[in-house]
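# Descriptive analysis of the structure
Now for the letters of each chain:
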Amino acid sequence: MRPVGPAVAGALAVAVAVVGCSSGSTNRSAAPTAAPASASAGATGATGPAARATPIASPTTLPAKAQPPRPASGRVPRPRIVDRLIPFPAKRRREMVAYARRHYGISTYRLTDPHVIVEHYTETSDFSATYSTFAPDVPDSELHELPGVCSHFVVDRDGTIYRLVPTTIMCRHTVGLNYTAIGIEHVGFSDAQILHDARQMRSSLALTRWLRCRGHIRIRDVIGHNESLSSPYHHERVAALRGQTHDDWKRADMDTYRRRLARLPC
Ligand SMILES: [Zn+2]
């Protein structure tokens, strides 16, 4: 989810531009249409002062929740996960509620019953740079919005899986899908680099398998950031952003990823 664009002066831009998950953002004119549906996706479970401030703004706009077939839950081992939680205090939660209102028409910072997993890469060579980008709650340099961007997990090149944000909280990592998507970053500079890194891939697949089996997420809904616009769950209320996506994890590479994931059933 790298914020990209013209160079921006100032420390903030430096801090934000250090990391990214794309060699560039793209904006396509033809965004897919989302099926009208029930409003329950991502809208339940809101508690706290900010979350209960406003009811769902537009009950008919969120994509339909997937009905069966969804994978059966099995006994999939939880991979070893190292907690490096970023600060997510009340201010950031309020900003997440406001973001969810603007972009999805729901008033919650909570991620409830996610239906999509989005794979990214960081365009950094180590985990610490990624953490340093996600931890501060500052506007991103691409869209200039709050809260700061983040991702739920980061898979390092040595195979270490870091958890930065609980999967019960929304993160800004993929325009159009944050209300229902878990984000997984990979330290690296390209799809190919990660696909050919055995240690990193082993951890990535173990994490994605565990998350998708636990959450009944279909393999087809494990997508690359670059596939975001074609997800049936894509939903964006801000017209100017309806064709916005990034270049990380293109379809051909995700097809490879999904084939490997399919060998690890729930
Ligand atoms: Zn990305």
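The model shown is predicted, which means the values in this text are computed figures rather than measured ones.

Conventions used here
- Residues numbered from 1 in each chain as written.
- Predicted model: local features only at pLDDT ≥ 70, side-chain atom pairs only at ≥ 80, totals over all residues.
- Helix = DSSP H or I, 4+ residues; strand = E, 2+ residues; numbered from the N terminus.
- Buried ≥ 20, exposed ≤ 12 C-beta atoms within 10 Å, placed from the backbone.
- Pairing = 2+ DSSP bridges.
- Contact = placed C-beta atoms within 7 Å.
- Axes fitted to C-alpha atoms, helices over the stretch in contact; angles between N-to-C directions.
- Expected span 1.5 Å × (residues − 1).
- Core = buried A, V, L, I, M, F, W, Y, C linked by C-beta atoms within 7 Å.
- pLDDT = per-residue confidence, 0-100.

### Description of the overall build of the protein
Scanning the protein from terminus to terminus reveals seven helices and eight strands. Within the span of the protein, comprising 266 residues, buried residues form 42% of the whole.

### Observations concerning the sheet that holds strand β7 (residues 222-224)
Read from one edge to the other, the open sheet built from six strands follows the order β2-β5-β4-β6-β3-β7, with strand pairing classed as mixed. Whereas interior strands pair on both sides, the edge strands pair on one side only; in this sheet they are β2 (82-83) and β7. Here two bridges tie β2 to strand β5 (residues 161-163), and the two strands are oriented parallel to one another. Its bridge partner lying in β5, Asp83 is registered against Arg163. Of the strands in this sheet, β3 (116-121), β4 (153-155), β5, β6 (181-186) and β7 are in contact with helix α6 (residues 198-215), which crosses β6 at around 170°.

### Regarding α6
Over its 18 residues, α6 extends 25 Å from the first C-alpha to the last, a length consistent with the 26 Å expected when each residue adds 1.5 Å. Taken together, the buried positions of α6 are Gln200, Ser203, Ser204, Ala206, Leu207, Thr208, Arg209, Leu211 and Arg212. Within two residues after α6, His216 carries a phi angle of roughly 55°, on the positive side.

### Focus on the pairing of β3
Every other side chain in a regular strand lies on the same face of the sheet, so the side chains alternate between the two faces. Extensive coverage of β3 is indicated by the burial of six of its six residues. A two-sided burial pattern is seen for β3, the buried positions comprising Val116, Val118 and His120 on one face and Ile117, Glu119 and Tyr121 on the other. Sheet topology note: the β3/β6 ladder contains six bridges and is parallel. By the bridge assignment for β6, Val118 is matched with Gly183. Bridging between β3 and β7 involves three bridges; their strand directions are parallel. Note on β7: the bridge partner recorded for Val118 is Ile223.

### What about unusual backbone geometry?
The peptide bond linking Leu146 to Pro147 adopts the cis configuration, its omega dihedral lying at 0°. As for its position among the elements, Pro147 is in the loop between α4 (127-134) and β4. A positive phi is found at His216, a non-glycine position, where the angle reads about 55°. On the secondary structure map, His216 appears in the loop between α6 and β7. For His216, a count of 18 C-beta atoms within 10 Å puts it in the partly exposed group. Even without glycine at this site, Trp249 takes up a positive phi of about 60°.

### A few points about the nonpolar core
Residues Ala100, Val116, Ile117, Phe153, Val154, Leu164 and Met170 are the most contacted members of the largest nonpolar core, which totals 42 residues. Elements supplying a minimum of two residues to this core: α3 (90-104), β3, α4, β4, β6, α6, β7 and α7 (251-262). Discounting chain neighbours no more than four positions away, the residues touching Val154 are Phe127, Thr130, Tyr162, Leu164, Glu185 and Val187.

### Some points on the environment of Leu85
Relative to the helices and strands, Leu85 resides in the loop between β2 and α3. Owing to 11 C-beta atoms within 10 Å, Leu85 belongs among the exposed residues under this scheme. Spatially, the C-alpha atom of Leu85 lies 10.0 Å from that of Phe134, the residues being 49 residues apart in sequence. For Leu85, the residues in contact, after removing those within four places along its chain, are Arg163, Leu164 and Val165.

### Quick look at the confidence of the model for the protein
With 73% of its residues at a pLDDT of at least 70, the protein reaches an overall mean of 82. Segment residues 1-19 is flagged for pLDDT under 50; beyond a separation of four residues in sequence, or across chains, it makes 49 contacts in the model. Predicted confidence for residues 29-60 stays below pLDDT 50, and this span has 66 contacts to residues more than four positions away or in other chains.

### What to know about the pairing of β6
Of all six residues making up β6, six are buried, and the element is well covered by its neighbours. A two-sided burial pattern is seen for β6, the buried positions comprising Ala181, Gly183 and Glu185 on one face and Ile182, Ile184 and His186 on the other. Alignment of β4 against β6, held across three bridges, turns out to be parallel. If you follow Phe153 over to β6, its bridge partner there is Ile184.

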